[in-house]
Amino acid sequence: MKIIKNITIGLSLLMSTQLVFSAQPGTTLASVNPEADRMALQQFFKKRFPDAELADYVNGIYAVDADSRTQWEDLESFPPYEFDVEEGERLFKTAFANGKGYADCFEKGGIGIRQNFPYWDKKAGTVKTLEQEINECRESNGEKPLKWGKGPIAQISAYMAWTSRDNVFDIKIPEGDEGALAAYLDGKKFFYTKRGQLNLSCANCHVQGSNVRIRADLASPSLGHTSHFPVFRSKWGELGTLHRRYKGCHKDSRSQPLGMQHETFRNLEYFQTYMSNGLVVNGPGSRK
Amino acid sequence: MRKLTTSMCAAGLLALIVTTPATAMTTQEAVAEGKAVYMGKSRGNCISCHQINDPDANLAGNQGPPMVAMAQRFPDKRMLRAQVWDASKNNPITIMPPLGKHWILSEEEIDAVVEYIYQF
Amino acid sequence: MKKLIAIVATVVFLPAAAMAETFDDAFDMNRAMHGKGYTFTWSGKQYSTDHLEEVEARVAATKENAEDLIAKAKAKNAEVANVGFEWKLTKGILKDAEAAMVSGDYRKALDLAAQAKYHARIGLEQHAYAENNWHLSVPQ
């Protein structure tokens, strides 16, 4: 009898520890807590890189690796994206065939608004990204949409980011809006899920593996990841959008990648940008 | 006649030498194949995360532990093989891909790479 | 004190008892240690470490058999794509399998189809595992 009682106590102890364990990481709509997630991620990096300033995470790997920072600062003294910003401005200010322009589609004429993207569009029931709204603007004015990864869309996005530099990211998950919270949770789940033949999650490299060498490359910390996009990447030799990078990363896990602006990628951007709330817009950026 | 015998012997010897590798890889050959797997980007690409004291290993990464004291760390070579086959068994969030379980390498390639790293 | 020890003992030993080695664990461990073509004992019976797909490919190298296994592999890959876990190389392996079949190399076609089907099946397992364990690397 005593043994049975002990087993019962043991079992309940076991079960309760499991309950506590599964409740913490916020894996369900009922338990997920974006603000707690944001603080936990900041704490993680604070512990991992005690010398790095929180505000500096917008500079990616250069916030935590002094050697590559020097090279990068040299690069930034003649920014490789300068031409793209100028071209983006020209495209932004060129009127459509119907006489209207991008400025007519966005708040404040599209200037200094990058920090509000992506956002939860309650009416549409989906996360909206800046690039998506650039194309929607075109289509509603009778123009053909642009391709998602590079070229004009990246240049226009770069110009809009440029006009928003130093504005603080303020991504909102409207209180009591279950759809918004579900989108955030979906993005979070995608980030931490191991996938593909190589069985890799985003977190494998950009949380646990951040600032550790994969061959000669250093994986960047995930905090501040979205702040500096679009990015002029030396490896590409040109400017590209965040979703181009997402697709490349997804493929690197040896998965059949999702298309750019797929709902899950937009949810991932929503999650990642929420994690960067409080940091500033510093796009476009340059990276190795 | 003696000449014929000698040449027959030589032919027999030659046949023996030629057929031996077809039946089983020698340890030396396995090590060479294992090294190719270790360094090959589209094969094991082990070098991207594990340092190894081989003069041909340039710019090895350090996501994983260095390949040192393998025989001491894995007295049973089969346990090392199991670790290469699926490292997530011991650590579910490891960055190391399950090279055998996900059929990234063939079983023969895994045998070879184990032979190669077991020397270090 | 005695009671405390008993409780501690129950807590420590319960998980071990609950985690008696499943067939899948035993299979994986033996395959991991010995590769394919090895015989192991589980629950008093003998089993081979060959994958289901390797056994499926071990049929007569005919056009019909190759077609059959390629079709099965395609169906499995469609299943894994449906849950968003399709692997990058699988479609290419299936293409190679079809090319081998067209050129009459049915053995090669069978082996490639087996690999593609295995990839798709393990992708499904990966998805099922992730559903319950994706949170493991979330910083607390």
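Residues numbered from 1 in each chain as written. Chains lettered and ligands numbered in written order. Predicted model: local features only at pLDDT ≥ 70, side-chain atom pairs only at ≥ 80, totals over all residues. Heavy atoms only, no water.

Notes on the sheet that holds strand S5 (residues 231-233) of chain A
In any sheet, the strands associate via hydrogen bonds between backbone groups, in a parallel or an antiparallel arrangement. Residue and element names in this part refer to chain A. Applicable threshold: Two strands form a pair only when DSSP identifies at least two bridges running between them. Helix numbering and strand numbering both begin at the N terminus, where a helix is a DSSP run of H or I of at least 4 residues and a strand a DSSP run of E of at least 2. In this description, a line fitted to the C-alpha atoms serves as the axis of each element, helices being fitted only across the stretch in contact, and the angle between N-to-C directions of two axes falls anywhere from 0 to 180 degrees.
The sheet built from three strands is open, its strands ordered S6-S5-S7 with mixed pairing. On the outer flanks of this sheet lie strand S6 (238-240) and strand S7 (285-287), each paired with one strand and no other. Neighbouring strand axes in the sheet, compared pairwise and without regard to direction, differ in orientation by 35 degrees on average. As paired strands, S5 and S6 are joined by three bridges and run antiparallel to one another. By the bridge assignment for S6, arginine 233 is matched with glutamate 238.

Side note on the layout of surface pockets
What counts, and what does not: Put simply, the grid is 1 Å and covers the protein atoms alone, a cavity is a trapped set of points that fit a 1.4 Å probe, a pocket is an open set with protein on both sides within 12 Å along at least five of seven lines, and lining residues have an atom within 4 Å of a point. Grid points are joined across faces, edges and corners, and a volume is the space filled by probe spheres set on the points. Polarity classes work like this: nonpolar for Ala, Val, Leu, Ile, Met, Phe, Trp, Tyr, Cys and Pro, charged for Asp, Glu, Lys and Arg, and polar for all others, with Gly in that last group. Domains are outlined according to an automatic or database domain assignment.
In this structure, the second largest pocket occupies an estimated 870 Å³ of space. Surrounding the second largest pocket, 34 residues form its lining, Asp86 and Lys101 of chain B together with Asp28, Glu125 and Tyr129 of chain C being those nearest its centre. Across the lining of the second largest pocket, the residue classes break down as 13 nonpolar, eleven polar and ten charged. Viewed by domain, the lining of the second largest pocket spans two of them, domain 1 (2-48) and domain 2 (52-137) of chain C, each represented by three or more residues.

Some remarks on empty space enclosed by the protein
If you walk through the whole model with that rule in mind, you get one cavity of 30 Å³ or more. For the largest cavity, the full set of lining residues is Asp37, Ala40, Leu41, Tyr184, Lys188, Tyr192, Phe271 and Met275 of chain A together with Val138 and Pro139 of chain C. Residue assignment for the lining of the largest cavity shows that the elements contributing at least two residues are helix H2 (34-48), helix H7 (178-192) and helix H10 (263-275) of chain A. Class assignment for the residues of the lining of the largest cavity results in eight nonpolar, no polar and two charged.

Overview of the packing of helix H4 (residues 77-85) of chain B against helix H5 (residues 107-117) of chain B
All names here are of chain B. Let me state the cut-off plainly: The labels follow the angle: roughly parallel below 35 degrees, roughly antiparallel above 145, roughly perpendicular from 65 to 115, and oblique for the rest. By definition, any crossing whose near helix is turned counterclockwise from its far helix by less than a right angle is left-handed, and any crossing with a clockwise turn is right-handed. By definition, residues are in contact when any of their heavy atoms lie within 4.5 Å.
Between H4 and H5, whose axes approach to 10 Å, the crossing angle comes to 125 degrees. Taken together, the axes of H4 and H5 are oblique relative to one another. Pair H4 / H5 crosses with right-handed handedness. Residue-level contacts link Lys77, Leu80, Arg81, Val84 and Trp85 of H4 to Glu107, Ile110, Asp111, Val113, Val114, Glu115 and Ile117 of H5. Here the residues of the contact of H4 with H5 are counted per class, giving seven nonpolar, no polar and five charged.

A short note on the side chain of histidine 51 of chain C
Formally: For the purposes of these results, a polar contact is taken to be a pair of N or O atoms within 3.5 Å, where, inside protein, one atom must be able to donate a hydrogen and its partner to accept one; residues adjacent in sequence count only when each atom of the pair is a side-chain atom.
With respect to the secondary-structure elements, histidine 51 of chain C resides in the loop between strand S2 (45-48) and helix H3 (52-56). A polar contact of 3.4 Å, which involves the side chain of histidine 51 of chain C, links it to the side chain of arginine 31 of chain C. Residues within four places of histidine 51 of chain C in sequence aside, it is in contact with Trp85 of chain B together with Phe27, Arg31, Tyr118 and Arg121 of chain C.

Overview of the environment of glutamine 261 of chain A
Residues and elements named next belong to chain A. Examined against the element boundaries, glutamine 261 turns out to sit in the loop between helix H9 (242-252) and H10. Along the primary structure glutamine 261 and glycine 149 are separated by 112 residues, whereas in three dimensions their C-alpha atoms are 9.6 Å apart. Apart from the residues within four sequence positions on either side, glutamine 261 is in contact with Thr129, Glu131, Gln132, Trp148, His243 and Arg266. A distance of 2.8 Å separates the side chain of glutamine 261 from the side chain of threonine 129, its partner in a polar contact.

Focus on the interface of chain B and chain A
Stated formally: Simply put, the buried area is the total loss of 1.4 Å probe accessible area from both parts when two parts are fitted together. Salt bridges, as used here, are contacts in which a Lys or Arg side-chain nitrogen is within 4 Å of a carboxyl oxygen on Asp or Glu.
Residue-level contacts link 20 residues of chain B with 16 residues of chain A. Between chain B and chain A, roughly 1500 Å² of surface is buried when both sides are summed, and carbon and sulfur atoms account for 47% of that area. If you sort the residues of chain B by the area they bury against chain A, Gln63, Ile95 and His102 of chain B come out on top, with a joint share of 31%. Our count for the contact surface shared by chain B and chain A stands at zero salt bridges. Our count for the contact surface shared by chain B and chain A stands at 13 residue pairs in polar contact (both at pLDDT 80 or more). Considering only residue class, the side of chain B that touches chain A consists of ten nonpolar, ten polar and no charged.

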